[in-house]
Amino acid sequence: MLDFVGLDVLWLQVTGTVCNLACTHCFITCGPKNDSHPVMATDDVLSSLARAEREGVKELYFTGGEPFLHPDILLLIERALAVAPLSVLTNGVLIDPPMARRLHELSEASAYSLELRVSVDGTTPEENDPVRGRGTYHAIMRGARCLVDAGLLPVFTVTTVHAVYDRSDGREAFLDHLRHLGFTRPRVKFIPPFDIGRQARRSSRSGDRTTTSGVADEVREDSRYLRPDDLHEGEEWVLQCGSCRTVTARGVYPCPILIEEDGARMSDDLDETFVPIELNHSACTTCHLEGFSCRT
Ligand code: SF4
Ligand code: SF4
C-alpha cells in the first residue's frame, strides 16, 4: 500500500473525457463522443475547490478532455487562482487572441501562478498529426503563439511516442525548434506513454514501445504489475498519488491517469479518499520505474 501524506495537489477533470481531439495515444481515450466522464457542473468544481482550500492544497490542475470546452472555464480559472497556483492542461486548439488576453488578465490579477500546458507531439505536422489528428500541429502552435503574444509562457507537453524524444539530443533539438519558431524561453515537459486506454490498443497493434527506452526491460516478463515489496521506503513522497487526488463528475480517483481504469474509483466523497491506496494498475509500474509525475 502507498500511504497518503495529505492533499498537496488536486486535479479536476473539468471536462471529463470530452475532447475536441481523439489522439491515438490518449491514455483515457478522450474524444468528442466519449462522455464516460461528462463535463463537471460548475458548482461541483467550485465545491471541490473550497474543500481543497480547507485542506491547504498547494497546487491545482484543470484537465479533461479539453478544459476550454467547459462553458464556464474562465470563471473556474479565476476561482481556482484565488485558492492556489493553477495549471491548465490543453491541446491549445481553442485558444485565440481574446482568450489568451483574458487568461493573461486573470494571471496578472492573481497572487498565484497560472500555467498553460500545451500538448504537442513533434516538431512537424508529419510527426504530430498522425498522433493528434490532421491539421493539429499548426492549430496547436497557433494557440501557443497567442499565449506568448498575450504575455504568457506556455509549457509544451510532449508524450514521447517518438523514441527520439527520450534521448537528450532529441530533447535539445525540440528546444532548438521552439527557439527557432520564436519561443525564446521554451519550457517542455516530456511524458512517457502509458500503456492504457487508446495507447494500449495502439501499441498492441503496432508493437510500439510502451515505456521509455531501457525501462521495458526492467518490467517483469510474467507481470506488468507491481508487487508490494517493489515499493521503496518513502515512495509516497515521490509518486504524486501519495499527495494528490482527482475529482471527476463520476467520483474521485487516485490520479488523472486512472480515471478510465476498472477498480480505480475510490468514492464520491473527496474526504473518504484520504487513505492509503494499492498501486495495482499497469500504469503504476510506469510511474514507479520512471519516477514519473504528471505535475508541471
Ligand atoms: S491526449 Fe489530450 S488532446 Fe488528445 S484526446 Fe486525450 S485529452 Fe484530448
Ligand atoms: S498511475 Fe501513477 S500516479 Fe496513478 S495511482 Fe498509479 S502510481 Fe500513482
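Structure's up top.
Residues numbered from 1 in each chain as written. Chains lettered and ligands numbered in written order. Predicted model: local features only at pLDDT ≥ 70, side-chain atom pairs only at ≥ 80, totals over all residues. Heavy atoms only, no water.

S.K.: Can you walk me through the overall build of the protein chain in this structure?
M.R.: Helix and strand counts for the protein chain stand at 9 helices and 8 strands. Taken over the C-alpha trace, the protein chain has a radius of gyration of 18 Å; the compact-globule value for 296 residues is 19 Å, and the two agree within 12%. For the protein chain, the C-alpha atoms occupy an extent of roughly 50 × 45 × 35 Å along the three principal directions. Residues classed as buried in the protein chain amount to 56% of the 296 residues present. When contacts within the protein chain are restricted to residue pairs at least 6 apart in sequence, long-range pairs at least 24 apart make up 73% of them. When the accessible surface of the protein chain is summed, it comes to about 13000 Å², and 48% of that surface belongs to carbon and sulfur atoms. In the protein chain, the 30 positive side-chain charges and the 44 negative ones have mean positions that sit 5 Å from each other. (Helix = DSSP H or I, 4+ residues; strand = E, 2+ residues; numbered from the N terminus. Rg over C-alpha atoms; globule rule 2.2 N^0.38 Å. Buried < 20%, exposed > 50% of the residue type's maximum accessible area, 1.4 Å probe, protein only. Contact = heavy atoms within 4.5 Å. Areas by Shrake-Rupley, 256 points an atom, 1.4 Å probe, with all protein chains shown as cover. Lys, Arg positive; Asp, Glu negative; His and termini not counted. Charge placed at Lys NZ, Arg CZ, Asp CG, Glu CD.)

S.K.: Hey, could you run me through the side chain of S48 in this one?
M.R.: Checked against the element boundaries, S48 lands in helix α1 (residues 42-54). Beyond its immediate stretch of four places on either side in the chain, S48 contacts L10, L12 and V247.

S.K.: Could you clarify how one ought to interpret the packing of aromatic side chains in this entry?
M.R.: The geometry of an aromatic ring pair is captured by two quantities: the separation of the ring centres and the angle between the planes. Inspection of every chain in the model, using the stated rule, returns 6 aromatic pairs. For the pair F174 and F190, a centre-to-centre distance of 6.1 Å together with 85° between the ring planes defines the contact as edge-to-face. Of this pair, F174 sits in helix α6 (residues 168-180) while F190 sits in strand β6 (residues 187-191); the two residues are 16 residues apart in sequence, bridging distant segments of the chain. Judged on exposure class, the residue F174 and its partner F190 are both buried. Put simply, the rings of Y165, F174 and F190 pair up and form one aromatic cluster. The ring of F183 has R145 lying over it, and the distance from NZ or CZ to the ring centre is 4.6 Å. (Phe/Tyr/Trp six-rings, centres within 6.5 Å; stacked < 30°, edge-to-face > 60°. Lys NZ or Arg CZ within 6 Å of the ring centre and 35° of its normal.)

S.K.: Would you explain the layout of surface pockets in this entry?
M.R.: Sizing a probe to match a water molecule and rolling it over the atoms shows the empty space that remains. Size it by volume and the largest pocket reaches roughly 270 Å³. Residue classes in the lining of the largest pocket are distributed as 15 nonpolar, 5 polar and 1 charged. Quantified by volume, the second largest pocket comes out at close to 230 Å³. Considering the residues around the second largest pocket, the lining is formed by 16 residues, among which S48, V247, V252, D268 and L270 are closest to the centre. Contributing elements (two or more residues each) for the lining of the second largest pocket: α1, β7 (244-248) and β8 (251-253). If you tally residues by element for the lining of the second largest pocket, the top one is α1, at 4 residues. When grouped by side-chain class, the residues that make up the lining of the second largest pocket number 6 nonpolar, 4 polar and 6 charged. (1 Å grid on protein atoms, 1.4 Å probe; cavity = no way out; pocket = protein on both sides within 12 Å on 5 of 7 lines; lining within 4 Å. Points joined across faces, edges and corners; volume = space filled by probe spheres on them. Nonpolar A, V, L, I, M, F, W, Y, C, P; charged D, E, K, R; others polar.)

S.K.: Would you mind showing me how to read the pairing of strand β4 (residues 114-119) here?
M.R.: On a regular strand, one side chain projects to one face of the sheet and the next to the other, so that they alternate. Most of β4 sits inside the fold, with 6 of its 6 residues counted as buried. In this sheet, strand β5 (residues 155-159) lies alongside β4 in parallel orientation, the contact comprising 3 bridges. Its bridge partner lying in β5, R117 is registered against V155. (Pairing = 2+ DSSP bridges.)

S.K.: Please explain the pattern of salt bridges as it appears in this structure.
M.R.: In a structure, side chains of opposite charge can pair up when their charged atoms sit close to one another. Applying the stated criterion across every chain, the model contains 14 salt bridges. The partner of R132 in a salt bridge is D121, with the nearest N and O atoms 2.6 Å apart. Of this pair, R132 sits in helix α4 (residues 125-132) while D121 sits in the loop between β4 and α4, and the two are 11 residues apart along the sequence. By the burial criterion, R132 is buried, and D121 matches it. Here R145 ties to D149 by a salt bridge, and the two come within 3.9 Å at their closest N and O atoms. Pair noted here: R145 and D149 are both in helix α5 (residues 136-150), with a separation of 4 residues, about one helical turn. The exposure class of D149 is exposed, given its relative accessible area of 59%. Each of R51, E55 and D271 takes part in salt bridges that share partners, so that together they form one network. (Salt bridge = Lys/Arg side-chain N within 4 Å of Asp/Glu carboxyl O.)

S.K.: Before we go on, may I ask you to explain the site of ligand 1 in this structure?
M.R.: The environment of ligand 1 is made up of C19, L21, A22, C23, H25, C26, C30, G65, N91 and R132. When each cavity is represented as a set of grid points, ligand 1 is found to reside in the largest cavity. Of the residues in the shell around ligand 1, the class split is 6 nonpolar, 3 polar and 1 charged. (Near = heavy atom within 4 Å. Sits in = over half its atoms within 2 Å of the grid points.)

S.K.: Any chance you could explain a nonpolar patch on the surface here in plain terms?
M.R.: Among the surface-exposed residues, V5, W237 and V238 lie close enough to one another that they form a single nonpolar patch of about 320 Å² accessible area. Along the chain, V238 falls in the loop between α8 (215-218) and β7. (Patch = residues over 30% accessible without salt bridge, like charges linked within 9 Å, V, L, I, M, F, W, Y side chains within 5 Å.)

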